[in-house]
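Chain by chain, the residues run as shown.
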Amino acid sequence: MSRHAAFYNCAAWRKRRARHLHHNPLCVMCEARGIVTAANTVDHVTPHRGDPVLFAGPLQSLCPACHSRDKQQLERSGFVRGCDRDGVPLDPSHPWRQELERERADPGGPSRIRRGRP
């Protein structure tokens, strides 16, 4: 059984979860990639780790794949894996993407990434 079963087994959580899914039926991570996927998981945007104040915080709707794969990856590393056709990371928090953004803002500045240059 979950360490936080008391939070999830109460009627107030079940009601809040149902209301959230009713108003937000699509996975927000899939939507960000342009994919329409039904959500069945209500996720805490900020992991609560047993803190009742954080447990009452903002929620997001996720599909099972995004919840078990992408959200956990985000919590472990601070960014979600994946890139566009050009190899640029999709997540603005990804270190490579941040480096590319800095390089684009200051093309003559120092950079470890020199794409297409000798």
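Report follows, based on the coordinates. All values derive from a computational prediction rather than experimental measurement.

**Considerations on the overall build of the protein**
Of regular secondary structure, the protein possesses six helices and two strands. Scanning the protein from its N terminus toward the C terminus, one meets helices and strands in the order α-α-α-β-α-β-α-α. For the protein, buried positions account for 31% of its 118 residues. Sequence-distant contacts in the protein: of pairs separated by 6 or more residues, those separated by 24 or more amount to 39%. Entry remark: accessible area of the protein is about 8100 Å², with carbon and sulfur atoms responsible for 56%.

**Observations concerning the side chain of Ser 61**
Along the chain, the position of Ser 61 falls in strand β2 (residues 59–62). A polar contact of 2.5 Å, which involves the side chain of Ser 61, links it to the backbone oxygen of Asn 24. Apart from the residues lying within four places of it in its own chain, the contact partners of Ser 61 are His 20, Leu 21, Asn 24, Leu 26, Cys 27, Val 28, Ala 39 and Thr 41.

**Topic: the state of the cysteines**
Applying the stated criterion across every chain yields a total of zero disulfides. Unpaired in terms of disulfides, Cys 30 finds its nearest cysteine sulfur in Cys 66, a separation of 3.7 Å. The buried category is assigned to Cys 30, whose relative accessible area is 5%.

**Some details on the pattern of salt bridges**
If you walk through the whole model with that rule in mind, you get two salt bridges. When the shortest N-O distance is used, the salt bridge between Glu 99 and Arg 102 registers 2.8 Å. You can see Glu 99 and its partner Arg 102 sitting in helix α6 (residues 95–105), three residues apart, about one turn around the helix. On the basis of relative accessibility, which here comes to 8%, the residue Glu 99 falls in the buried class. For Arg 102, a relative accessible area of 47% puts it in the partly exposed group.

**Quick word on the pairing of β2**
Because side chains alternate across β2, one face comprises the buried residues Leu 59 and Ser 61, and the other comprises Gln 60 and Leu 62, equally buried. Note that strand β1 (residues 41–44) and β2 share four bridges and pair antiparallel. Residue His 44 lies in a different strand from β2, and its bridge partner there is Leu 59.

**A look at the environment of Ala 65**
Mapped onto the secondary structure, Ala 65 falls in helix α5 (residues 64–77). For Ala 65, a relative accessible area of 35% translates into the label partly exposed. The spacing of Ala 65 and Cys 27 is 38 residues in sequence and 9.8 Å in space, taken between C-alpha atoms.

**Description of the nonpolar core**
Residues Trp 13, Leu 21, Cys 27, Met 29, Cys 30, Ala 39, Val 42, Phe 55, Leu 59, Leu 62, Cys 63 and Cys 66 constitute the largest nonpolar core, which totals twelve residues. Going through the elements one at a time, α2 (11–23), α3 (28–32) and β2 are the ones with two or more residues in this core. Not counting chain neighbours up to four residues away, the residues in contact with Leu 62 comprise Cys 27, Val 28, Met 29, Ala 39, Asn 40, Thr 41, Asp 43, His 67 and Lys 71.

Each value, and the rule that gives it
- Residues numbered from 1 in each chain as written.
- Predicted model: local features only at pLDDT ≥ 70, side-chain atom pairs only at ≥ 80, totals over all residues.
- Heavy atoms only, no water.
- Helix = DSSP H or I, 4+ residues; strand = E, 2+ residues; numbered from the N terminus.
- Buried < 20%, exposed > 50% of the residue type's maximum accessible area, 1.4 Å probe, protein only.
- Contact = heavy atoms within 4.5 Å.
- Areas by Shrake-Rupley, 256 points an atom, 1.4 Å probe, with all protein chains shown as cover.
- Polar contact = N/O pair within 3.5 Å; in protein donor to acceptor, adjacent residues only side chain to side chain.
- Disulfide = S-S within 2.5 Å.
- Salt bridge = Lys/Arg side-chain N within 4 Å of Asp/Glu carboxyl O.
- Pairing = 2+ DSSP bridges.
- Core = buried A, V, L, I, M, F, W, Y, C linked by side-chain atoms within 4.5 Å.

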